[in-house]
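# Examination of the molecular architecture
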Amino acid sequence: MSQKVYDQLIHSHRGLQNGAIRDVLLPAILGSETNGISYWIGKDLARAFPVATTDELIMLTRQLGLANLTLRKSDNNQRIYLLAGPIVAERIAEKHEQTSFQLEAGFLAMETEFQVGASAEAEVVGRRRTSVEVLVQFDPVDPNHPGESAEFIHLAGDQIDPQE
């Protein structure tokens, strides 16, 4: 790890440990497959912490230190989320267009599958200096073929916000 990377992470909202794992170790291990595998890691993260509602998803995303999440739009077959906050802004500022948000996209896709009971896929559709927009599209709900089921977790009340 270079001095520059160390200095950025030690003073960042992500912290040295989280930043090193996410932005140094995973890319070193996964190489050119980082984006694709990160998407599936995000889905697995959602399987570990499934939540029943959008409000809980917003809280969990914040508690995991991924972003401040906002649901911008929702209809019968899609949701548009905005990822923002200091962590997102820092990650974009450091690597600009190379910063991957595939882990977050996979996470949002799987959480949506649990909540709507239908298969879902997500992609980053917008990127600004301090935020990222993620489109989650899902199939119409088919009662004969429900999506993957989950036993939803119960979140602890307001915890210390890692992004403040």
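Per an unreviewed UniProt entry, the protein chain carries the name YslB family protein and comes from Candidatus Limosilactobacillus merdipullorum.

Summary statistics for the protein chain give a mean pLDDT of 87 and a share of 88% for residues scoring 70 or more. This stretch, residues 160-164, has a pLDDT under 50; its non-local contacts, to residues over four places away or in other chains, come to 16 contacts.

Two numbers describe how helix H3 (residues 34-48) lies on helix H6 (residues 102-116): the axes approach to 6 Å, and their chain directions differ by 40 degrees. In terms of their interaxial angle, H3 and H6 are classed as oblique. Where H3 crosses over H6, the handedness of that crossing is right-handed. Facing Asn 35, Ser 38, Tyr 39, Ile 41, Gly 42, Lys 43, Leu 45, Ala 46 and Arg 47 of H3, the residues of H6 in contact are Gln 102, Leu 103, Ala 105, Gly 106, Phe 107, Ala 109, Met 110, Glu 111, Glu 113 and Phe 114. Here the residues of the contact of H3 with H6 sort into ten nonpolar, five polar and four charged.

Turning next to the nonpolar core. Core analysis: the largest hydrophobic core is formed by 28 residues, its most contacted members being Leu 83, Leu 108 and Val 134. Counting only elements with at least two residues in this core, the list comes to H3, helix H4 (54-63), strand E2 (78-84), helix H5 (86-95), H6, strand E3 (120-127) and strand E4 (131-138). Setting aside residues no more than four positions away along its own chain, Val 134 makes contact with Arg 79, Ile 80, Tyr 81, Leu 83, Ala 105, Leu 108, Ala 122, Glu 123 and Val 124.

Here we take up the sheet that holds E3. The four strands lie next to each other as E1-E2-E4-E3, forming an open sheet whose pairing is antiparallel. Of all strands in the sheet, those bounded by a partner on one side alone are strand E1 (68-74) and E3. The sheet shows a mean angle of 25 degrees between the axes of neighbouring strands, taken without regard to direction. By the bridge criterion, six bridges tie E1 to E2 in an arrangement that is antiparallel. Bridge assignment links Ser 74 to a residue of E2, and that residue is Arg 79. H5 contacts E1, E2, E3 and E4 of the sheet and is inclined by roughly 105 degrees relative to E4.

Now for a nonpolar patch on the surface. On the surface, a nonpolar cluster with roughly 310 Å² of combined accessible area is contributed by Ile 21, Leu 25 and Ile 29. Structurally, Leu 25 can be placed in helix H2 (residues 15-30). With relative accessibility at 46%, the residue Leu 25 sits in the partly exposed group.

Attention now moves to the pairing of E3. Relative to E4, E3 is paired through seven bridges, and the arrangement is antiparallel. Directly across from Ala 122, in E4, lies its bridge partner Val 136. Two successive antiparallel strands, E3 and E4, enclose a turn made up of three residues.

The rules behind the values
- Residues numbered from 1 in each chain as written.
- Predicted model: local features only at pLDDT ≥ 70, side-chain atom pairs only at ≥ 80, totals over all residues.
- Heavy atoms only, no water.
- pLDDT = per-residue confidence, 0-100.
- Contact = heavy atoms within 4.5 Å.
- Axes fitted to C-alpha atoms, helices over the stretch in contact; angles between N-to-C directions.
- Helix = DSSP H or I, 4+ residues; strand = E, 2+ residues; numbered from the N terminus.
- Parallel < 35°, antiparallel > 145°, perpendicular 65-115°, else oblique.
- Left-handed = near helix turned anticlockwise from the far one by under 90°.
- Nonpolar A, V, L, I, M, F, W, Y, C, P; charged D, E, K, R; others polar.
- Core = buried A, V, L, I, M, F, W, Y, C linked by side-chain atoms within 4.5 Å.
- Buried < 20%, exposed > 50% of the residue type's maximum accessible area, 1.4 Å probe, protein only.
- Pairing = 2+ DSSP bridges.
- Patch = residues over 30% accessible without salt bridge, like charges linked within 9 Å, V, L, I, M, F, W, Y side chains within 5 Å.
- Areas by Shrake-Rupley, 256 points an atom, 1.4 Å probe, with all protein chains shown as cover.
- Salt bridge = Lys/Arg side-chain N within 4 Å of Asp/Glu carboxyl O.

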